[in-house]
Amino acid sequence: MEVRIDKWLWAVRVYKTRNMAAEACKTGKVKLDGKNIKPSHNVKIGEEYEVKIDVLEKKLKVLALLENRVSAKLVPDYMQDLTPVEEIERLRLIKKQSFERRERGIGRPTKKDRREIEEFKYL
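**Focus: the pairing of strand 4 (residues 56-62)**
- Both strand 3 (residues 48-53) and strand 4 contribute to a ladder of 6 bridges, which runs antiparallel. Its bridge partner being in strand 4, Y49 is matched across the sheet by L60.
- In this antiparallel pair of consecutive strands, strand 3 and strand 4, the connection spans 2 residues, and D54 shows a positive phi of 55°.
- Direction of pairing for strand 4 relative to strand 5 (residues 79-81): antiparallel, over a ladder of 3 bridges. What sits directly across from L60, in strand 5, is D81.

Here it is as structure tokens:
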């Protein structure tokens, strides 16, 4: 059985749509041994792919081939996530720094508050 990389990435729920998976391959966000691959690349068991999703760089190992999308519970049967712990911590740090917080119970910012926030953020 032969399965295209875009179809496999969609089937194991790395990307929400097959089109998004194909676009990621075309833009160089999916690599095999450090080289960009095309969406038509055939997946082989045991291969390790580097997939960039936003700022996260995941490393995935193919355990089995499949053509149809499976439930999230079954994904570990087909894919092993080899993403280093440091990478996940880096993502957690980035999210923590970029998230804006307001005290609970204050309500939505007024127009004046919003202007002050934007001025503070971008200047």
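**Focus: unusual backbone geometry**
- Residues other than glycine seldom take positive phi values, yet R13 does so here, at roughly 65°.
- Looking at where R13 falls in the secondary structure, it is placed in the loop between helix 1 (5-11) and helix 2 (18-26).
- Residue classification places R13 among the partly exposed residues on the basis of a relative accessible area of 40%.

**Let's talk about the sheet that holds strand 2 (residues 35-36)**
- The 5 strands lie next to each other as 2-1-3-4-5, forming an open sheet whose pairing is antiparallel. In the strand order of this sheet, the two ends are held by strand 2 and strand 5, each with one partner.
- Of the strand pairs in this sheet, strand 1 (residues 30-32) and strand 3 are connected by 3 bridges, and their pairing is antiparallel. Residue pairing in the sheet places K31 in a bridge with E50 of strand 3.

**A look at the pattern of salt bridges**
- A complete count under the given rule lists 6 salt bridges for this structure.
- D6 is paired through a salt bridge with R18; the nearest N and O atoms lie 3.5 Å apart. With a gap of 12 residues between them, D6 in helix 1 and R18 in helix 2 connect regions that are remote in the sequence.
- Judged by its relative accessible area of 3%, D6 falls in the buried class.
- The class of R18 is partly exposed, set by a relative accessible area of 32%.

What counts as what
Residues numbered from 1 in each chain as written. Predicted model: local features only at pLDDT ≥ 70, side-chain atom pairs only at ≥ 80, totals over all residues. Heavy atoms only, no water. Pairing = 2+ DSSP bridges. Helix = DSSP H or I, 4+ residues; strand = E, 2+ residues; numbered from the N terminus. Buried < 20%, exposed > 50% of the residue type's maximum accessible area, 1.4 Å probe, protein only. Salt bridge = Lys/Arg side-chain N within 4 Å of Asp/Glu carboxyl O.

Keep in mind these numbers describe shape, not what the thing actually does.
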